Amino acid sequence: MDITRPLKNKNILISGAGVAGPALAYWLHRHGFAPTVLERAAALRDGGYAVDFRGEAHLTVLDRMGVLADVRREQTHMGVMWYVDGTGRRIASMPADVYSGDLEILRGDLVRILHAKTADRVEYVFDDSITSIAEEEDGVRVTFERSAPRRFDLVVGADGVHSNVRALAFGPERRFLREMGLHCAIFTTPNLLGLDRTGHIHNTPGRAVAVYSARRNTEARAMFYFTSPVPDHDRHDTGLQRKILAEAFAGAGWETSRLLEAMWEAPDFYFDSIGQVHVDGWSRGRTVLLGDAACCASPLSGMGTGLAMVGAYVLAGELAAAAGDHRVGFARYEEAMRGYARGCQRSADGVGAWMVPGNRFMTWFVHRSHRLLPYMPGKGLIARNIRKTANAITLKDYGL
Ligand SMILES: Cc1cc2nc3c(=O)[nH]c(=O)nc-3n(C[C@H](O)[C@H](O)[C@H](O)COP(=O)(O)OP(=O)(O)OC[C@H]3O[C@@H](n4cnc5c(N)ncnc54)[C@H](O)[C@@H]3O)c2cc1C
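- The chain carries the name 2-polyprenyl-6-methoxyphenol hydroxylase-like FAD-dependent oxidoreductase in an unreviewed UniProt entry, which gives Streptosporangium becharense as its organism.

**Let's talk about the environment of Ile130**
Turning to step 1, where the next piece is worked out: Within the secondary structure layout, Ile130 lies in strand β8 (residues 130–136).
Turning to step 2, where the next piece is worked out: Residue class for Ile130 comes out buried when judged on its relative accessible area of 3%.
Turning to step 3, where the next piece is worked out: When the C-alpha atoms of Ile130 and Thr143 are compared, they prove to be 5.9 Å apart, with 13 residues separating the residues in sequence.

**Focus: the site of the ligand**
Turning to step 1, where the next piece is worked out: Inspection of the region around the ligand gives 28 residues, with Ala20, Glu39, Tyr49, Arg107 and Asp292 positioned closest.
Turning to step 2, where the next piece is worked out: A distance of 2.7 Å separates an oxygen atom of the ligand from a polar atom in the backbone of Tyr49.
Turning to step 3, where the next piece is worked out: In this structure, an oxygen atom belonging to the ligand sits 2.6 Å away from a side-chain N or O atom of Asp292.
Turning to step 4, where the next piece is worked out: For the ligand, the protein covers 93% of the area, taking 910 Å² as the surface of the free molecule.

**A short note on the pairing of strand β5 (residues 90–94)**
Turning to step 1, where the next piece is worked out: Examined bridge by bridge, strand β4 (residues 81–84) and β5 share four bridges and lie antiparallel to one another. Paired with Val84 across the strands is Arg90, a residue of β5.
Turning to step 2, where the next piece is worked out: Taking the residues between adjacent antiparallel strands as the criterion, β4 and β5 are bridged by five residues, where Gly88 takes a positive phi near 95°.

**Some words on unusual backbone geometry**
Turning to step 1, where the next piece is worked out: Of note in this structure, Asn9 is not a glycine but carries a positive phi near 50°.
Turning to step 2, where the next piece is worked out: Relative to the helices and strands, Asn9 resides in the segment before β1 (11–15).
Turning to step 3, where the next piece is worked out: A relative accessible area of 11% places Asn9 in the buried class.
Turning to step 4, where the next piece is worked out: Positive phi values are uncommon outside glycine, yet Trp254 reaches one of about 50°.
Turning to step 5, where the next piece is worked out: In this structure, Trp254 sits in the loop between α7 (238–248) and α8 (256–263).
Turning to step 6, where the next piece is worked out: Given a relative accessible area of 15%, Trp254 falls into the buried group.

Basis of the calculations
Residues numbered from 1 in each chain as written. Predicted model: local features only at pLDDT ≥ 70, side-chain atom pairs only at ≥ 80, totals over all residues. Heavy atoms only, no water. Helix = DSSP H or I, 4+ residues; strand = E, 2+ residues; numbered from the N terminus. Buried < 20%, exposed > 50% of the residue type's maximum accessible area, 1.4 Å probe, protein only. Near = heavy atom within 4 Å. Polar contact = N/O pair within 3.5 Å; in protein donor to acceptor, adjacent residues only side chain to side chain. Areas by Shrake-Rupley, 256 points an atom, 1.4 Å probe, with all protein chains shown as cover. Pairing = 2+ DSSP bridges.

The structure is reproduced here in structure tokens:
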């Protein structure tokens with residue numbers, strides 16, 4: 001692709017230094033734009049569990065960014081996840097070759113790699129948030145909670161499932177967020193169970209608690225999913241969320257109480273409802289959405305991170321191919337990504353009922369199915385379908 005015309009709209013504000021924001025900043029900078037990344041947290045938010053990259057498209061983007069070797073170095077090399085009963089006895093397994101991607105890395109390690117790749121060439125502003133976005137004829141005037149107002153040419157909302165940019169420029173969250181009837185919590189604990197590159201999951205009706213070793217068994221990640229309703233509360237009140245979680249898992253048996261005890265010390269407690277984002281058009285004038293803010297597929301899809309990274313590559317590439325003309329670039333980005341994103345979102349269909357069986361029969365059925373899975377002729381089909389969804393996009397070469 002020949003991109004030789006002078007660029008317009010070089011000055012771009014990206015809200016969110018998670019996965020999508022720094023990845024976009026990298027590509028915009030390489031195409032000759034001048035991105036600024038704004039993050040509400042005071043430092044990088046490096047919590048979260050392992051995320052997967054699957055198939056050609058994901059790996060190609062990592063490779064073209066020059067981070068494939070870094071990601072490989074930090075990959076989890078996770079083995080089998082075991083279902084255990086109340087006594088800790090292993091009753092069935094979730095084979096890694098069926099569910100895992102080609103490359104699995106802790107979300108926090110990925111966030112750090114992406115930040116390190118961009119920190120010396122991109123302006124990062126931490127501990128701040130946009131309060132208003134006013135579109136003017138040839139730019140956007142943005143005000144902030146802390147910093148002085150600034151003008152940018154374009155604004156990108158890469159600020160996650162509860163995107164602030166989306167709320168300011170597109171409308172209230174309830175119009176776009178489709179809840180899936182589950183909540184989850186994830187946090188770091190010591191490797192209390194002495195797990196060796198493996199994990200254990202324990203189900204009771206409507207609840208799943210899992211723990212798996214991380215960082216070469218030096219620590220672990222505890223993960224809780226549950227179906228019971230959660231009262232309306234301030235999403236930033238992690239003290240209250242810890243209490244909600246402790247109540248939801250009271251009496252859940254197995255090692256749950258030890259993990260809940262460790263929760264109070266966890267430095268990176270993450271709690272959220274599980275949902276998807278469906279927005280009709282991903283741009284409004286000079287503002288555009290990316291990653292979870294545009295099309296969150298939910299953690300149940302196992303696709304969110306790859307989708308965010310591919311989206312960043314395509315958005316920057318299409319903007320550059322249109323010489324910075326946002327009308328053309330934004331439209332082509334959405335055209336290239338929408339069907340792909342929809343496919344990723346569909347891969348979450350029905351997963352919740354498997355992950356968190358609602359009653360005793362379903363729990364038995366899930367364990368039984370996993371016991372039989374290695375002998376089933378369709379075993380490879382699940383892995384093939386996941387890979388097909390992840391690969392359902394042809395990446396253009398944007399001339400770098
Ligand atoms: C702490 C954390 C833990 C996570 N853990 C998991 C996990 O275990 N499993 C999983 O599948 N997904 C997890 N996710 C979501 C996952 O990272 C995304 O689905 C995916 O990687 C897409 O990335 P994203 O950049 O679009 O969104 P995110 O990775 O969510 O990044 C969004 C970023 O925007 C920032 N932000 C939010 N509001 C504002 C604001 N007002 N102004 C500026 N910045 C703002 C956030 O602090 C965050 O850094 C987690 C997200 C976070 C923030």
